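Observations on the three-dimensional arrangement
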Amino acid sequence: GENVEQHPSTLSVQEGDSAVIKCTYSDSASNYFPWYKQELGKGPQLIIDIRSNVGEKKDQRIAVTLNKTAKHFSLHITETQPEDSAVYFCAASIMGGGSNYKLTFGKGTLLTVNP
Amino acid sequence: DTAVSQTPKYLVTQMGNDKSIKCEQNLGHDTMYWYKQDSKKFLKIMFSYNNKELIINETVPNRFSPKSPDKAHLNLHINSLELGDSAVYFCASSQRPNTGELFFGEGSRLTVL
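For clarity, every value in this text was computed on a predicted model and none was experimentally measured.

1. Concerning the state of the cysteines
Residue and element names in this part refer to chain A.
- Counted according to the given criterion, the structure contains two disulfides over all chains.
- A disulfide bridge connects Cys23 with Cys90, and the sulfur atoms are separated by 1.9 Å. One disulfide, between Cys23 and Cys90, carries an S-S torsion of -100° and so falls in the left-handed class. Taken together, the residues Cys23 in strand S3 (residues 19-25) and Cys90 in strand S9 (residues 86-92) connect sequence positions 67 residues apart. Like Cys90, Cys23 is buried.

In structure tokens form, the structure reads like this:
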């Protein structure tokens, strides 16, 4: 089955700095890579996703890059703000691969943005 | 208007008891899930239902039994609770199986004493 590794497990940055979280996946058939943000006491929420036919995707201060050859993808947050503090999860799956395929999550990164 | 709602939010109980967590989604989605998040924040899928039919059943003890009375509801019943069952259980839904965004509930924190 799919295995997703995520680094670092914790990340502390100063407000205004950039933050980068990296993930690798094992199944070359995976084609869908979402990122979820989990605030304290809440459920995870999708913030951005990328499909394997695209190398990069941006949404305001958030960007995700994908390297299919190396089987890794990264989340980049620029101009970090205290409200970006949360646990971030990467995930991978085979979209359209059948109902028994599932989203496999990384172990999460606790991002702390210091004012 | 909460999209995915689960109850109760907190549950404290003794070892050996039986408890249930309920989940409802008002998004009109076909697929619902139960995830377990342990103390290290690791999110692991337990079950998935599509239109009331079980489609994913991970290696979970038989003490855990999901039930989907209709596609908007997915409940989780746990028998003979053990200390290791303490975790946050998240319900989620998606439009169809494995087709994109998961919408999560706010979680049910289960503490077994």
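2. Brief notes about the sheet that holds strand S7 (residues 62-67) of chain A
Residues and elements named next belong to chain A.
- Across the sheet, five strands lie side by side as S1-S3-S8-S7-S6; this open sheet has antiparallel pairing. Two strands in the sheet have a free side with no partner beyond their single neighbour: strand S1 (4-7) and strand S6 (56-59). Across the sheet, the mean angle from the axis of one strand to that of its neighbour is 15°, orientation sign disregarded.
- Looking at chain direction, S6 and S7 are connected through four bridges and run antiparallel. Across the sheet, Lys57 pairs through a bridge with Val64, a residue of S7.

3. Some thoughts on unusual backbone geometry
- Of note, the bond from His7 of chain A into Pro8 of chain A is cis; its omega dihedral lies within 30 degrees of zero at -5°.
- A cis amide bond links Thr7 of chain B to the next residue, Pro8 of chain B, at an omega of 0°.
- As for its placement among the helices and strands, Pro8 of chain B is situated in the loop between strand S1 (4-7) and strand S2 (10-13).
- Of note in the backbone geometry, Lys71 of chain A takes a positive phi value of approximately 55° without being a glycine.
- Its location among the elements puts Lys71 of chain A in the loop between S7 and strand S8 (72-77).

Scoring rules and cut-offs
Residues numbered from 1 in each chain as written. Chains lettered and ligands numbered in written order. Predicted model: local features only at pLDDT ≥ 70, side-chain atom pairs only at ≥ 80, totals over all residues. Heavy atoms only, no water. Disulfide = S-S within 2.5 Å. Helix = DSSP H or I, 4+ residues; strand = E, 2+ residues; numbered from the N terminus. Buried < 20%, exposed > 50% of the residue type's maximum accessible area, 1.4 Å probe, protein only. Pairing = 2+ DSSP bridges. Axes fitted to C-alpha atoms, helices over the stretch in contact; angles between N-to-C directions.

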